[in-house]
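One letter stands for each residue in the lines below.
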Amino acid sequence: MNYLVIPDKFKGSLTANEVIKSITNGLQRVDKSSSVESILASDGGDGFLEAVACKIMVQKIYVDTVNPLGDKLRAYYLLNKDTKTAYVELAKASGLELLKAKERSAKNTSTFGTGLLIKDAIKKGATNIYIGLGGSASTDAGMGLAAALGYSFVNEDGMLLNPIGDNLSKVFKIERNATVTILNRIKFYAVNDVDNPLFGENGAAKVYAKQKGATEKDIESLDKGLEYFNSVIKHSLLLDHSFVPGAGAAGGTAYGLKTFFNAEFISGIKFLLELAEVPKILKSNKIDYIVTGEGKIDSQTNNGKLVKGVVDLANQYNIPVVAICGKLDANETDLNVMGLNNVLEIYNPKKGVNYSINNAAKLVEDSIFNFFSASRRKTQKKVKVSNIFTKFNIF
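In the nomenclature of an unreviewed UniProt entry, the protein chain corresponds to Glycerate kinase from the organism Cellulophaga geojensis KL-A.

What follows is the structure in structure tokens.
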């Protein structure tokens, strides 16, 4: 059997490389003669730089910047001087994982630190900049990033505003300094991991702000702020990108990139799968199964996440996909829409979340082993969506 393994990380538990190792161990326990090829990929969120560095000759550039709350931080981006191309991961300077749980606040965080990374890349000659979005701590519509690159946001009294989510509704005027015109020669690419609009029921605040520390009241305020901010943009810049699919990515940072820097939106998973030459592998090799996965499979998985991208590509070549996750929070209808027929879940409600997190590597390996052992024995030709513990009783 020939397997291609392309998982995402299990956030808070396993890196993508660790997931690959566990899946590979499980497959080789079934049959040591099996061919297992793996791809380190990303949907544009956490792990974006690691995936790029696997395939492109780049230099790691460290920069003094700030975290989402404005505290000093040293972070890095990647630079290919020959092609004058920089790769920036928003999560490195503006990521949720940079903050302790009690520090998380979608209202008071900013993408300013990511803007400083981009500013340094431009100083070093980059004319093509890919920004991997995802894992953000803010809901500032890219205001912080824009502020770092020459834009200013002032209130009705002419006072300069701190570029945070809580101030979206206070912006009265947008100004830009002379250096902003230099950015016209820079090509920006927003490497997107979701399809959400800027505001509304499926927008940046209502879908993602809660996990960034926002209360229900905060969420309503942020959503109204995003809508108001867009109205200011429409009036002052005569632009409206609020409902472009993906505008709501990273708390609206994608919207800001497109609005202020004319960024092109590109699919994160498509970009990295092509970079890793996965379509070429599928065309030239006989792949029997693709194994993918992520920490949680839910309704958001269908909004441009890595698993969905892998499934869509596999369907083009009629290759079956097995997905494994820490927690499954989607019904059979949702999974059918995603094109997922085989889903393994390592979470056991009898043992709790902490058990799954602390033992994730072994649970992934055992789940993969059980599934493919059963398939090999031909006692179960196709596993319908269910809890893997019920099917295989591995505990």
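Further notes follow.
## Things to note about the overall build of the protein chain
What the protein chain contains, in helices and strands, is 15 helices and 13 strands. Relative to the globule expectation of 21 Å for 395 residues, the C-alpha radius of gyration of the protein chain, 22 Å, shows essentially globular dimensions. Dimensions of the protein chain along its principal axes, counting C-alpha atoms only, are 75 × 50 × 35 Å. Looking at the protein chain as a whole, 58% of its 395 residues qualify as buried. Within the protein chain, contacts between residues separated by at least 24 positions form 72% of all contacts whose residues are at least 6 apart in sequence. Taken as a whole, the protein chain presents about 17300 Å² of accessible surface, with 47% of it coming from carbon and sulfur. One finds the centroid of the 49 positive side-chain charges in the protein chain at a distance of 5 Å from the centroid of its 41 negative side-chain charges.

## What about the sheet that holds strand β12 (residues 321–329)?
What the five strands build is an open sheet, ordered β2-β1-β11-β12-β13; its pairing is parallel. Lying at the two open borders of the sheet, with one neighbouring strand each, are β2 (35–38) and β13 (342–345). Taken pair by pair, the neighbouring strands of this sheet meet at an average axis angle of 25 degrees, ignoring direction. Pairing of strand β1 (residues 2–5) with strand β11 (residues 289–298) involves three bridges; the strand directions are parallel.

## Things to note about the packing of helix α7 (residues 216–237) against helix α8 (residues 249–261)
Following both chains from N to C, one finds α7 and α8 inclined at 10 degrees, their axes separated by 12 Å at the closest point. Comparing their axes, α8 and α7 come out roughly parallel. Along its contact with α7, which presents Phe 229, Asn 230, Ile 233 and Leu 237, the element α8 presents Tyr 255, Thr 259 and Phe 260. Among the residues making up the contact of α7 with α8, the classes are represented as five nonpolar, two polar and no charged.

## Concerning the packing of aromatic side chains
For the structure on display, the rule yields 18 aromatic pairs. Between Phe 229 and Phe 260 the ring centres are 6.4 Å apart and the planes differ by 55 degrees, which places this aromatic pair in the tilted class. Remark: Phe 260 occurs in helix α8 and Phe 229 occurs in helix α7; sequence separation between them is 31 residues. Overall, the relative accessible area of 6% leaves Phe 260 in the buried class. Arranged with centres 4.9 Å apart and planes meeting at 80 degrees, the rings of Phe 371 and Phe 372 form a pair that is edge-to-face. By relative accessible area, Phe 372 is classed as buried at 3%. Counting every residue linked through ring pairs, the aromatic cluster contains Tyr 151, Phe 153, Phe 188, Phe 229, Tyr 255, Phe 260 and Phe 261. The aromatic ring of Tyr 355 is capped on one face by Lys 351, whose charged end is 4.8 Å from the ring centroid.

## Describing helix α1 (residues 16–30)
Along its 15 residues, α1 runs 22 Å from first to last C-alpha, staying within 8% of the 21 Å computed at 1.5 Å per residue. Among all positions in α1, only Ala 16, Val 19, Ile 20, Ser 22, Ile 23, Thr 24, Gly 26, Leu 27 and Val 30 are buried. On its buried side, α1 packs onto β1, β2, β11, β12 and α14 (360–377).

## Observations regarding the environment of Val 364
With respect to the helices, strands and loops of the structure, Val 364 is situated in helix α14. Residue class for Val 364 comes out buried when judged on its relative accessible area of 0%. When the C-alpha atoms of Val 364 and Leu 328 are compared, they prove to be 14 Å apart, with 36 residues separating the residues in sequence. Not counting residues within four places of it along the chain, the set of residues in contact with Val 364 comprises Phe 10, Leu 14, Ser 22, Ile 23, Ile 324 and Ile 346.

## A look at unusual backbone geometry
The backbone phi angle of Ala 250 is positive, close to 55 degrees, even though this residue is not glycine. Its place among the elements puts Ala 250 in helix α8. Here Ala 250 falls in the buried class, since its relative accessible area comes to 10%. Positive phi, normally seen in glycine, also occurs at Glu 277, with a value near 60 degrees. One can find Glu 277 in the loop between α9 (268–275) and α10 (278–284).

## Points about the side chain of Asn 196
Within the secondary structure, Asn 196 sits in the loop between β9 (187–192) and α6 (204–208). A distance of 2.8 Å separates the side chain of Asn 196 from the backbone oxygen of Asn 202, its partner in a polar contact. Engagement of the side chain of Asn 196 in a polar contact is seen with the side chain of Tyr 208, the distance being 2.7 Å.

## Looking at the pattern of salt bridges
In total, this model carries 16 salt bridges according to the counting rule given. Residues Glu 365 and Arg 29 are paired through a salt bridge, measuring 3.2 Å at the closest nitrogen-oxygen approach. Taken together, the residues Glu 365 in helix α14 and Arg 29 in helix α1 connect sequence positions 336 residues apart. Notably, a salt bridge pairs Lys 107 with Asp 218, separated by 3.6 Å at the nearest N-O pair. Taken together, the positions of Lys 107 in the loop between α3 (90–94) and α4 (112–123) and Asp 218 in helix α7 put the pair 111 residues apart, joining distant regions of the chain. Judged by relative accessible area, Lys 107 falls into the partly exposed class, the value being 23%.

Reading the values: the criteria
Residues numbered from 1 in each chain as written. Predicted model: local features only at pLDDT ≥ 70, side-chain atom pairs only at ≥ 80, totals over all residues. Heavy atoms only, no water. Helix = DSSP H or I, 4+ residues; strand = E, 2+ residues; numbered from the N terminus. Rg over C-alpha atoms; globule rule 2.2 N^0.38 Å. Buried < 20%, exposed > 50% of the residue type's maximum accessible area, 1.4 Å probe, protein only. Contact = heavy atoms within 4.5 Å. Areas by Shrake-Rupley, 256 points an atom, 1.4 Å probe, with all protein chains shown as cover. Lys, Arg positive; Asp, Glu negative; His and termini not counted. Charge placed at Lys NZ, Arg CZ, Asp CG, Glu CD. Pairing = 2+ DSSP bridges. Axes fitted to C-alpha atoms, helices over the stretch in contact; angles between N-to-C directions. Parallel < 35°, antiparallel > 145°, perpendicular 65-115°, else oblique. Nonpolar A, V, L, I, M, F, W, Y, C, P; charged D, E, K, R; others polar. Phe/Tyr/Trp six-rings, centres within 6.5 Å; stacked < 30°, edge-to-face > 60°. Lys NZ or Arg CZ within 6 Å of the ring centre and 35° of its normal. Expected span 1.5 Å × (residues − 1). Polar contact = N/O pair within 3.5 Å; in protein donor to acceptor, adjacent residues only side chain to side chain. Salt bridge = Lys/Arg side-chain N within 4 Å of Asp/Glu carboxyl O.

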